[in-house]
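In case you want the letters, here they are:
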Amino acid sequence: MTMHMITMSVTYELKFRALLKNSFLFTLGLLPQNIFFLLLGFLPFLLIMLGGFFLPIGIIIMLLFGFSLLLLIWTNFCQWAYDKFINDKVPGAKKNRGIYEKVKESDSAALKQYRIQAAKYRSKLNSRPIKPITDDELKVAELPTSFNRDDILKLNESKQAIYEDHARYVEEHKNDPEFAPTEEEAEIAKKQKAREDRIEKAKKELMKREKHR
């Protein structure tokens, strides 16, 4: 039950009572599987306890994997069990997480869903053009050990040239397909714009009321 509670608590948002109930049900309902996978995870410890020929094998496995072997085996088993018995009943739950499924261009629904999921993890850095940097590109001027005003001016000019070069690159590639906003991002931007418009309208209304006072 403790092992299931630990895994469930990092997978789902459950109240303590629901956590106890679900862990108890999985403990009894999958008792043979629970015992098998726990023994499989504890295999290095069992080999060390047996001693003799098995002792060095258990020590080698422990040195290579440590406790991570137990955690990996148990977590994989639990995710399989949750996919089979829980996730179908949870709205929005994702199954087979971490398994890449090839999506055909002809399967528009699956392709759309894939792009929506990918967009959730797309940051501002990879949603706009960033010019690749190579040794042959513009460089920042280096200050000598003893520098004067002219050296500082050269440094500032080299930085400004890089900023301007990057700005030109962004302007040239901002409409490239890979940087186009996704449907979800466009919807978020639309909601944000509507919110800002409402706030601005409320401010103007407050200013009018203040003037009438």
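Residues numbered from 1 in each chain as written. Predicted model: local features only at pLDDT ≥ 70, side-chain atom pairs only at ≥ 80, totals over all residues. Heavy atoms only, no water.

Let's shift gears to the overall build of the protein chain. For the protein chain, the count of helices and strands is nine helices and zero strands. Reading the protein chain from its N terminus to its C terminus gives the helix and strand order α-α-α-α-α-α-α-α-α. A burial count over the protein chain gives 18% of its 213 residues as buried. A sequence separation of at least 24 residues applies to 51% of the contacts in the protein chain between residues at least 6 apart. Accessible area of the protein chain: about 17,400 Å², with a carbon and sulfur share of 61%. (Helix = DSSP H or I, 4+ residues; strand = E, 2+ residues; numbered from the N terminus. Buried < 20%, exposed > 50% of the residue type's maximum accessible area, 1.4 Å probe, protein only. Contact = heavy atoms within 4.5 Å. Areas by Shrake-Rupley, 256 points an atom, 1.4 Å probe, with all protein chains shown as cover.)

Let us look at the pattern of salt bridges. A complete count under the given rule lists two salt bridges for this structure. A salt bridge links D197 to K193; the nearest nitrogen and oxygen atoms lie 3.1 Å apart. Of this pair, D197 and K193 are both found in helix α9 (residues 183-212), four residues apart, which corresponds to roughly one turn of the helix. Since its relative accessible area comes to 41%, D197 is described here as partly exposed. Given a relative accessible area of 46%, K193 falls into the partly exposed group. (Salt bridge = Lys/Arg side-chain N within 4 Å of Asp/Glu carboxyl O.)

Moving on, we get to helix α6 (residues 68-85). Between the first and last C-alpha of α6 there are 25 Å, a value that for 18 residues agrees with the 26 Å anticipated at 1.5 Å per step. Turning to α6, its buried residues are L69, L70, I73, W74, F77, C78, Q79, A81, Y82 and D83. (Expected span 1.5 Å × (residues − 1).)

Below, the discussion takes up the nonpolar core. Buried together is how nonpolar side chains tend to be arranged in soluble globular proteins. Membership of the largest hydrophobic core is limited to 12 residues, which are M5, M8, Y12, L19, F26, L30, W74, F77, C78, A81, Y82 and I86. Listing elements by their share of this core, those giving two or more residues are α1 (2-11), α2 (16-29) and α6. For F26, the contacting residues outside a window of four places in its chain are H4, M8, L31, N34, A81, Y82, F85 and I86. (Core = buried A, V, L, I, M, F, W, Y, C linked by side-chain atoms within 4.5 Å.)

One pass over the structure, following the stated rule, counts 10 aromatic pairs. Taking 5.1 Å as the distance between ring centres and 80° as the angle between the ring planes, the aromatic pair formed by F36 and F37 counts as edge-to-face. Under the relative-accessibility criterion, F36 is labelled partly exposed at 49%. With a centroid separation of 5.7 Å and 75° between ring planes, the pair formed by F53 and F54 is classed as edge-to-face. An aromatic cluster is built from F36, F37, W74, F77 and W80, whose rings are joined through pairwise contacts. (Phe/Tyr/Trp six-rings, centres within 6.5 Å; stacked < 30°, edge-to-face > 60°.)

Relative to each other, helix α3 (residues 31-41) and helix α4 (residues 43-50) sit at 65°, their axes nearing to 4 Å. Looking at the two axes, α3 sits roughly perpendicular to α4. Contacts between α3 and α4 involve L39, L40 and G41 from the former and L43, P44 and L46 from the latter. When its residues are assigned to classes, the contact of α3 with α4 shows five nonpolar, one polar and no charged. (Axes fitted to C-alpha atoms, helices over the stretch in contact; angles between N-to-C directions. Parallel < 35°, antiparallel > 145°, perpendicular 65-115°, else oblique. Nonpolar A, V, L, I, M, F, W, Y, C, P; charged D, E, K, R; others polar.)

Turning to the side chain of D151, a few remarks are in order. Mapped onto the elements, D151 comes out in helix α8 (residues 149-173). Although D151 is buried, it makes no salt bridge; K154 carries the closest opposite charge, 4.8 Å away. Ignoring sequence-local partners within four residues, the contact set of D151 consists of L143, P144 and S146. (Lys, Arg positive; Asp, Glu negative; His and termini not counted.)

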